[in-house]
Amino acid sequence: MILVMGGAGYIGSHTVRHLLDNGYEVIVADNLIYGHREAVDKRAKFVHADLLDSLSLNNLFKNNKIDAVIHFAAFAYVGESVSEPEKYYYNNVIGTVNLLHAMLTHSVKKIVFSSTCATYGEPQYTPIDEKHQQFPINPYGRTKLMIEQIFADYERAYGLEHIALRYFNAAGCSADSTIGESHTPETHLIPLVLQAISGQRKDIKVFGTDYDTPDGTCIRDYIHVEDLALAHRLAVEKLGTYNGCINLGTGIGTSVKEIITAAEAISGKKCPTEYAPRRAGDPARLFADNTKAKEILGWQPKYTDIKDIIQTAWDWELNRRY
Ligand code: UDP
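Residues numbered from 1 in each chain as written. Predicted model: local features only at pLDDT ≥ 70, side-chain atom pairs only at ≥ 80, totals over all residues. Heavy atoms only, no water.

Draft legend 1. Quick peek at the overall build of the protein. Counting its secondary structure elements, the protein contains ten helices and 13 strands. Over its C-alpha atoms the protein spans a radius of gyration of 19 Å, differing by no more than 12% from the 20 Å that the globule rule assigns to 322 residues. For the protein, the spread of C-alpha atoms along the three principal axes comes to 55 × 40 × 40 Å. For the protein, the proportion of its 322 residues judged to be buried stands at 57%. In the protein, 77% of the contacts between residues at least 6 apart in sequence involve partners at least 24 apart. Accessible surface, the protein as shown: approximately 13,600 Å² in total, 51% of it carbon and sulfur. Between the mean site of the 33 positive side-chain charges and the mean site of the 39 negative ones, the protein shows a separation of 2 Å. (Helix = DSSP H or I, 4+ residues; strand = E, 2+ residues; numbered from the N terminus. Rg over C-alpha atoms; globule rule 2.2 N^0.38 Å. Buried < 20%, exposed > 50% of the residue type's maximum accessible area, 1.4 Å probe, protein only. Contact = heavy atoms within 4.5 Å. Areas by Shrake-Rupley, 256 points an atom, 1.4 Å probe, with all protein chains shown as cover. Lys, Arg positive; Asp, Glu negative; His and termini not counted. Charge placed at Lys NZ, Arg CZ, Asp CG, Glu CD.)

This is the structure we're talking about:
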C-alpha cells in the first residue's frame, strides 16, 4: 500500500488516481487546509491528518501496511514564504522530519518527494540539469532543499530510499476534467489567464515585458500534471535501486505571451491583458534538462504541445467541480 501525504492537493490527487488505475492500493492523508476532499478518488482510503500531528502519523503506520510514501504535503506560496517563513520551516521541514520519524519507527524506508526547480535559484545556464548549483532565493525553495539534504543524511545513517522529483511548472488537469487545479488564492499563470478569459477575473497582469527573451516575457517549462503523476509511479517503482534527485519538465520553454495566445486560440476569446512591472525573484528563463528522468525512470512526457496542456485546463475551467 502507498501512503500519499497531501493526496487531496493538485498534483497529489492526479497521482492518487494514476496509482489506483495501475493497480496500487492507496491511502491518502491530508489536512485539507489547501486540499479538496472531492479531489480524492473514492477507491482510496482517506485519513484526515496533519504532518505536525505525530500521534496521527504514528497511527497511520500502525494501522496500515504501508510499503512506500509519496510526500506532497507542503505549503507552496513563494511570496508567503518570504513574509511568513516560520509557517514554511515549521510545516515543510519539521513536518517532513515528523513524517520520517513515523516511517522509520515502523521500518518504512521508501519515500518519493515533491521537490522543485526553485531549489536551483537564479539559473546559471539553461536547460537546467540536476548538477546545476542549488542556491534557492526564497524560504520556500530553501525548505525543499533542506529536505533533500535530510534525505541524504537519513540514507547514510538509516538506509532511507528516496527520490526527490524537482518539478518545473505543473499545469493542466485530468484528461476527463473530473479533477483539476484549484488553489485559493490562485497565483499560477495558466488558470489566471483562463479565468480572465472566462470573465471570472478582470484581466491578467503580465509581470514584465522587458526580459531578455524573444518576446520580452518570461519563459517557463510547463509540465502536464498527468505526466507528473506517471513519473511518481515510476519513481516509486525505482526506489531501492536509485537514490537522489530528478528534474521533471518537458524541456520546452514557453513565454507568458505564448501562453496567452494559445489560451485565446483554444477558448476562441480574447484575454484582457495588462502589462505590469516584473515580479521580484522571477528569472527570465527556466526550463529543464529532463535526460535523467528519461534514463533513470524510463519516463517520457505525453504532453509536449502547450496547446494540449492548456486545452485540459480550459476543459476543467468550464466544468470545475471544486
Ligand atoms: N505570471 C504573470 N502574471 C501572473 C502570474 C504569473 O505574468 O499573474 C508569470 C510569472 O512572472 C512567470 C510565469 O507567469 O514568469 C509563471 O508564473 P507562475 O506563478 O505560474 O509559476 P512560477 O514560475 O512562479 O512557479
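Draft legend 2. View of empty space enclosed by the protein. All chains considered together, the criterion is met by one cavity of 30 Å³ or more. If you add up the space inside the largest cavity, you get close to 40 Å³. Forming the walls of the largest cavity are G172, C173, E181, P191, L194, A313, W316 and E317. Secondary structure elements with two or more residues in the lining of the largest cavity: α6 (189–197) and α10 (306–318). Looking at the lining of the largest cavity, the element that brings in the most residues is α10, giving three residues. Of the residues in the lining of the largest cavity, the class split is five nonpolar, one polar and two charged. (1 Å grid on protein atoms, 1.4 Å probe; cavity = no way out; pocket = protein on both sides within 12 Å on 5 of 7 lines; lining within 4 Å. Points joined across faces, edges and corners; volume = space filled by probe spheres on them. Nonpolar A, V, L, I, M, F, W, Y, C, P; charged D, E, K, R; others polar.)

Draft legend 3. Region of interest: the site of the ligand. Neighbouring the ligand are 15 residues; L189, K205, F207, R279 and D282 lie closest to it. Contact between the ligand and L189: an oxygen atom at 2.8 Å from a main-chain N or O atom of the residue. In the environment of the ligand, a nitrogen atom lies 2.6 Å from a nitrogen or oxygen atom belonging to the backbone of K205. Those elements that provide at least two residues to the shell around the ligand are α6 and β8 (204–207). The leading source of residues in the shell around the ligand is β8, at four residues. Of the residues that constitute the shell around the ligand, the class distribution is eight nonpolar, three polar and four charged. (Near = heavy atom within 4 Å. Polar contact = N/O pair within 3.5 Å; in protein donor to acceptor, adjacent residues only side chain to side chain.)

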